[in-house]
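As a plain string of letters, each chain reads:
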Amino acid sequence: MSLTPEQNIKAFIRLIKHQPSVLLDKNRVDLEQQIDESSGDIASLSDTISTWCKKYPGIRKALSQTRKSLFGSTPGKQKGQAETNPKPTVEEYKTLIKDQIRESFPETTNEQKPSDTNK
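Given the structure is predicted, the values throughout are model-derived calculations rather than measurements.

Counting through the fold element by element, Lys-94 comes out in helix α5 (residues 90–104). Among the residues examined, Lys-94 registers a relative accessible area of 8% and is labelled buried. Beyond its immediate chain neighbours, meaning those up to four positions away, Lys-94 contacts Ile-35, Asp-36, Ser-38, Ser-39 and Leu-45.

Once that is clear, we can look at the nonpolar core. The biggest cluster of nonpolar side chains holds 26 residues, and the ones touching the most others in it are Ile-9, Phe-12, Ile-16, Leu-45, Trp-52, Ile-59 and Ile-97. Top element by residues in this core is helix α1 (residues 5–18). It accounts for six residues. Once residues lying within four places of it in the same chain are set aside, the contact partners of Ile-97 are Ile-9, Phe-12, Ile-13, Ile-16, Ile-35, Leu-45 and Ile-49.

This part covers the confidence of the model for the protein. Mean pLDDT over the protein: 80, with 76% of residues reaching 70 or higher. By mean pLDDT, helix α6 (residues 106–109) is the weakest element of the protein at 55, and α1 is the strongest at 94. Segment residues 76–82: pLDDT under 50, and 14 contacts once partners within four positions in sequence are set aside and those in other chains are kept. Contacts for the low-pLDDT stretch residues 108–117, under 50 throughout, to residues beyond four places or in other chains number five contacts.

What follows is about the packing of aromatic side chains. Per the counting criterion, the structure on display carries two aromatic pairs. Measuring from ring centre to ring centre gives 6.1 Å for Phe-12 and Trp-52, while their planes differ by 80°; the resulting arrangement is edge-to-face. Taken together, the residues span a long stretch of sequence, with Phe-12 in helix α1 and Trp-52 in helix α3 (residues 42–54) at a distance of 40 residues. A single burial state applies to Phe-12 and to Trp-52, both of which are buried. The interplanar angle of 50° and the centroid separation of 4.8 Å between the aromatic rings of Trp-52 and Tyr-56 together place this pair among those described as tilted.

To continue, consider α1. Taking 1.5 Å as the rise per residue, α1 with 14 residues should run 20 Å; its terminal C-alpha atoms sit 20 Å apart, in good agreement. By the burial criterion, the buried members of α1 are Glu-6, Gln-7, Asn-8, Ile-9, Ala-11, Phe-12, Ile-13, Leu-15 and Ile-16. Next to the buried residues of α1 lie α2 (25–37), α3, α4 (57–71) and α5.

Here the focus is the environment of Thr-4. Position of Thr-4 relative to the elements: it lies in the segment before α1. Sequence spacing of Thr-4 and Ala-43 is 39 residues, and the spatial spacing of their C-alpha atoms is 8.3 Å.

Basis of the calculations
Residues numbered from 1 in each chain as written. Predicted model: local features only at pLDDT ≥ 70, side-chain atom pairs only at ≥ 80, totals over all residues. Heavy atoms only, no water. Helix = DSSP H or I, 4+ residues; strand = E, 2+ residues; numbered from the N terminus. Buried < 20%, exposed > 50% of the residue type's maximum accessible area, 1.4 Å probe, protein only. Contact = heavy atoms within 4.5 Å. Core = buried A, V, L, I, M, F, W, Y, C linked by side-chain atoms within 4.5 Å. pLDDT = per-residue confidence, 0-100. Phe/Tyr/Trp six-rings, centres within 6.5 Å; stacked < 30°, edge-to-face > 60°. Expected span 1.5 Å × (residues − 1).

Structure, rendered in structure tokens:
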């Protein structure tokens with residue numbers, strides 16, 4: 001099954017949202033770094049996600065299952081109502097992924113800023 005880059009990214013966001021337990025703390029940090037370093041277009045971001053997932057067989061398997069549940073076996077087609085909204089840009093997708101990570105794992109992604117003791 002060959003999906004569009006947008007479908008791959010959407011499936012990954014859904015995976016993070018609905019199955020956050022497949023990601024470990026160290027995986028999330030590495031993922032955010034990979035997303036930040038990804039440059040170019042949506043296809044490059046999708047490739048970055050796919051390459052990252054190959055390092056983690058459990059995540060790759062869960063993503064594959066999520067893709068199948070969302071898009072079935074017909075390449076390029078989404079189950080359910082067709083989208084009429086404009087497609088997000090690569091930067092919007094990056095933001096969506098990072099926001100979903102922060103939303104799914106608030107206790108580990110909130111930065112702790114040191115207090116200013118010079119006041």
